[in-house]
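What the coordinates show
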Amino acid sequence: MQLTFQDIADTRVIVVGDNRIDAAIAISFKDRMRELTETGPNRILVDMTCVDFIDSSGLGAIVAAMKQVADSKSLELANLSSTVKKVFRLTRMDTVFAIHPSIDAAIGGGIANAG
Amino acid sequence: MLAKKLCFTGCANDLHDKALPAQKAEMNLVFPGNALAVRRALKASMVGLRHLDLSQDEKGVVEIVLAEVLNNIVEHAYDDTHTGVIELTVSRQDDDLIFLVLDDGLPLPEAKVPAGAAHNLNTPTSDLPEGGFGWFLIKQLTRNLSYQRSGNRNRLSFSIALKDTQSF
């Protein structure tokens, strides 16, 4: 499970380095997300650019990651592939998560201001 | 070529890109019923179906459905005390892909396809479901879903209509 992060302005951007979030890595994804979201900014943005595919276990792990962040924090998603989007749409989880077309769109001027 | 070797060495008996040769409209894979073998078989299936020139939408639907069906077998039919192989056959009839999946594990509860109902998502975040999406996805994306238990064998068949896939 490869997760890296960078704090940009008031947002912790977590980049998923794996190209699949599936049954094989769902638990380690959830555990690693807990480590990375316990501290840092209150807004968490998960960059899914590298992720081509998720199955229902992967979806469950992403939901679990959202549920385990503190009430004061939010967890949002960006850069979903067409197949990942399909899984969110079919399960209607796209109505639960804030989903952004890009990091830029999610953060707005934040990157420029981050210096 | 290296990637191919890494992916398929030591897996099922015929996990290579000739699994579904152009002249033969059927792909047959046999592989162990464990998580790692299923991951490889999924990859092999997508390679085996490559010559059909499926669109991104079509490939996505096939991969989602196969992942859910095969993971279900690994997690429920083959548990700690039952091991065995999974046999997957995919054939094409016009614009339909026909799937047959066999295993020798435990039967589905009540020997029937689970309801796979949609979840209620109008709940506090803490109550959101983290599982139970699998059969719902399978039912949404397939047609003619049918399950039979005969002897010690589970037999699941379904089809994916390629023309449906754009609307999902």
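About the criteria used
- Residues numbered from 1 in each chain as written.
- Chains lettered and ligands numbered in written order.
- Predicted model: local features only at pLDDT ≥ 70, side-chain atom pairs only at ≥ 80, totals over all residues.
- Heavy atoms only, no water.
- Helix = DSSP H or I, 4+ residues; strand = E, 2+ residues; numbered from the N terminus.
- Buried < 20%, exposed > 50% of the residue type's maximum accessible area, 1.4 Å probe, protein only.
- Contact = heavy atoms within 4.5 Å.
- Areas by Shrake-Rupley, 256 points an atom, 1.4 Å probe, with all protein chains shown as cover.
- Pairing = 2+ DSSP bridges.
- Axes fitted to C-alpha atoms, helices over the stretch in contact; angles between N-to-C directions.
- Buried area = accessible area lost by both parts, 1.4 Å probe.
- Salt bridge = Lys/Arg side-chain N within 4 Å of Asp/Glu carboxyl O.
- Polar contact = N/O pair within 3.5 Å; in protein donor to acceptor, adjacent residues only side chain to side chain.
- Nonpolar A, V, L, I, M, F, W, Y, C, P; charged D, E, K, R; others polar.
- Core = buried A, V, L, I, M, F, W, Y, C linked by side-chain atoms within 4.5 Å.

Across its full length, chain A carries five helices and seven strands. Buried residues in chain A amount to 53% of all 115 residues. Residue pairs in contact within chain A that sit at least 24 positions apart in sequence constitute 73% of those at least 6 positions apart. When the accessible surface of chain A is split by element, carbon and sulfur atoms take 47% of a total near 4,900 Å².

Residues and elements named next belong to chain B. Spatially, five strands are ordered 1-2-3-5-4 in an open sheet, and the strand pairing comes out antiparallel. Of all the strands in the sheet, just strand 1 (26-32) and strand 4 (143-150) have a single pairing partner and so form its edges. Adjacent strand axes in the sheet meet at a mean angle of 10°, parallel and antiparallel pairs treated alike. Here strand 4 pairs with strand 5 (residues 153-161) via six bridges, running antiparallel. Bridge pairing in strand 5 places Tyr147 opposite Leu156. On the sheet, helix 2 (residues 35-48) packs against strand 1 and strand 2 (85-93) and is oriented at approximately 165° with respect to strand 1.

A few words now on the interface of chain A and chain B. On the chain B side, the residues contacting the 27 residues of chain A number 29 residues. When residues of chain A are sorted by the area they lose upon contact with chain B, Lys67(A), Lys86(A) and Leu90(A) head the list and together hold 27% of the total. Viewed at the interface, chain B and chain A are joined by five salt bridges. On the surface where chain A and chain B come into contact, there are 10 residue pairs in polar contact (both at pLDDT 80 or more). If you list the elements that add at least two residues to the side of chain A that touches chain B, you get helix 2 (56-68) and helix 3 (82-90) of chain A. With eight residues, the single largest contributor to the side of chain A that touches chain B is helix 2 of chain A. Considering only residue class, the side of chain A that touches chain B consists of 12 nonpolar, seven polar and eight charged.

Next up on the list: the nonpolar core. In this structure, Met48(A), Ile54(A), Leu75(A) and Phe88(A) are the most contacted members of the largest nonpolar core, which totals 74 residues. In terms of residues, this core owes the most to one element, helix 3 (residues 56-77) of chain B, which gives 11 residues. Ile54(A) has contacts with Ile21(A), Met48(A), Leu59(A), Ile62(A), Val84(A), Val87(A) and Phe88(A), leaving out every residue within four places of it along the chain. Core analysis: the second largest hydrophobic core is formed by seven residues, Ile8(A), Leu45(A), Ile103(A) and Ile107(A) among them.

No statement about biological role is implied by the geometric values presented.
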